[in-house]
Amino acid sequence: MTSLEQILDDFTFLDDWEDRYRYVIELGKALPDLPDDQKISANKVMGCASQVWLVTHTDGDPDNPVMTFEGDSDAHIVRGLVAIVLATYSGKTASEIAALDAFDVFSKIGLVEHLSSQRANGLRSMVNRIREEARVRAVA
């Protein structure tokens, strides 16, 4: 998976949004497929116009576990957005995730203002779900 730093660097070299959209789609193509047995209603992200699935894994300290995520979508651009969200949050502790608002990252690259309102809402739903799962797992 491409690191968040690499994604942010790549975005700075792409001048127009058509190129950036193509890059987001390429990130989605590079995202490993989620196995069909994981594409269940419990893993579905509500609030997305496209179908989006998100699987959470935890490891380490039960009071502040490291969380990793797998995700998938049936839409190419959304799959790329899933890849960016996973790069933002995967591999961090629950408390780090709960404190990190991915929309700060997305505004740095101008991502949200170039999405349709449906896609932006879906992106917000993914971020909110991840952060809520982290808040539940992080014992303050």
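Let me sum up the structure you'll find in this document. No experiment lies behind these values; they were computed from the predicted model shown.

Considerations on the overall build of the chain
A count of helices and strands for the chain gives six helices and three strands. The C-alpha atoms of the chain give a radius of gyration of 14 Å, which matches the 14 Å a tight globule of 140 residues would have. Viewed in the frame of its principal axes, the chain has a C-alpha envelope of about 45 × 30 × 25 Å. Among the 140 residues that make up the chain, the fraction classed as buried is 46%. Pairs at least 24 apart in sequence give 59% of the contacts found in the chain among residues at least 6 apart. Split by element, the accessible area of the chain, about 7,300 Å² in all, is 49% carbon and sulfur.

Observations regarding the packing of helix 2 (residues 17-30) against helix 3 (residues 76-89)
Running from N to C, helix 2 and helix 3 cross one another at 75°; their axes reach a closest spacing of 7 Å. By the angle between their axes, helix 2 is roughly perpendicular relative to helix 3. Packed against helix 2, whose contacting residues are Tyr21, Val24, Ile25, Leu27, Gly28 and Lys29, the element helix 3 presents His76, Ile77, Arg79, Gly80, Leu81, Ala83 and Ile84 at the interface. For the contact of helix 2 with helix 3, the per-class residue count stands at eight nonpolar, three polar and two charged.

Some words on the sheet that holds strand 3 (residues 92-93)
Pairing within the open sheet is antiparallel, and its three strands lie in the order 1-2-3. Pairing within the sheet leaves two strands with one partner each, and these edge strands are strand 1 (52-59) and strand 3. Bridge count for strand 2 (residues 66-73) against strand 3 is two bridges, and the pairing is antiparallel. Counted as the bridge partner of Val66 is Thr93 from strand 3. Its contacts with the sheet put helix 3 on strand 1, strand 2 and strand 3, and the angle it makes with strand 2 is roughly 175°. Helix-sheet contacts for helix 6 (residues 117-137) involve strand 1 and strand 2, and the interaxial angle to strand 1 is about 25°.

Re the pattern of salt bridges
In the structure shown here, the tally under the stated rule is 10 salt bridges. Salt-bridge contacts for Arg22 lead to Asp19; the nearest nitrogen and oxygen are separated by 2.5 Å. With Arg22 and Asp19 both in helix 2 and three residues apart, the pair spans about one turn of that helix. Put simply, Glu133 and Arg137 hold a salt bridge, and the shortest N to O gap is 3.5 Å. Taken as a pair, Glu133 and Arg137 lie in helix 6 at a separation of four residues, close to a single helical turn. Three or more residues are tied together by salt bridges with common partners; here these are Asp33, Asp36, Lys39, Asp72 and Arg79.

Some thoughts on the nonpolar core
Judged by nonpolar contacts, the single largest core of 43 residues is most densely connected at Phe11, Phe106, Leu111 and Leu123. Examining the composition of this core, we find that 10 residues originate from one element, helix 3, more than from any other. Once residues lying within four places of it in the same chain are set aside, the contact partners of Leu123 are Leu81, Val85, Phe103, Phe106, Val112 and Leu115.

Quick notes on the rules
- Residues numbered from 1 in each chain as written.
- Predicted model: local features only at pLDDT ≥ 70, side-chain atom pairs only at ≥ 80, totals over all residues.
- Heavy atoms only, no water.
- Helix = DSSP H or I, 4+ residues; strand = E, 2+ residues; numbered from the N terminus.
- Rg over C-alpha atoms; globule rule 2.2 N^0.38 Å.
- Buried < 20%, exposed > 50% of the residue type's maximum accessible area, 1.4 Å probe, protein only.
- Contact = heavy atoms within 4.5 Å.
- Areas by Shrake-Rupley, 256 points an atom, 1.4 Å probe, with all protein chains shown as cover.
- Axes fitted to C-alpha atoms, helices over the stretch in contact; angles between N-to-C directions.
- Parallel < 35°, antiparallel > 145°, perpendicular 65-115°, else oblique.
- Nonpolar A, V, L, I, M, F, W, Y, C, P; charged D, E, K, R; others polar.
- Pairing = 2+ DSSP bridges.
- Salt bridge = Lys/Arg side-chain N within 4 Å of Asp/Glu carboxyl O.
- Core = buried A, V, L, I, M, F, W, Y, C linked by side-chain atoms within 4.5 Å.

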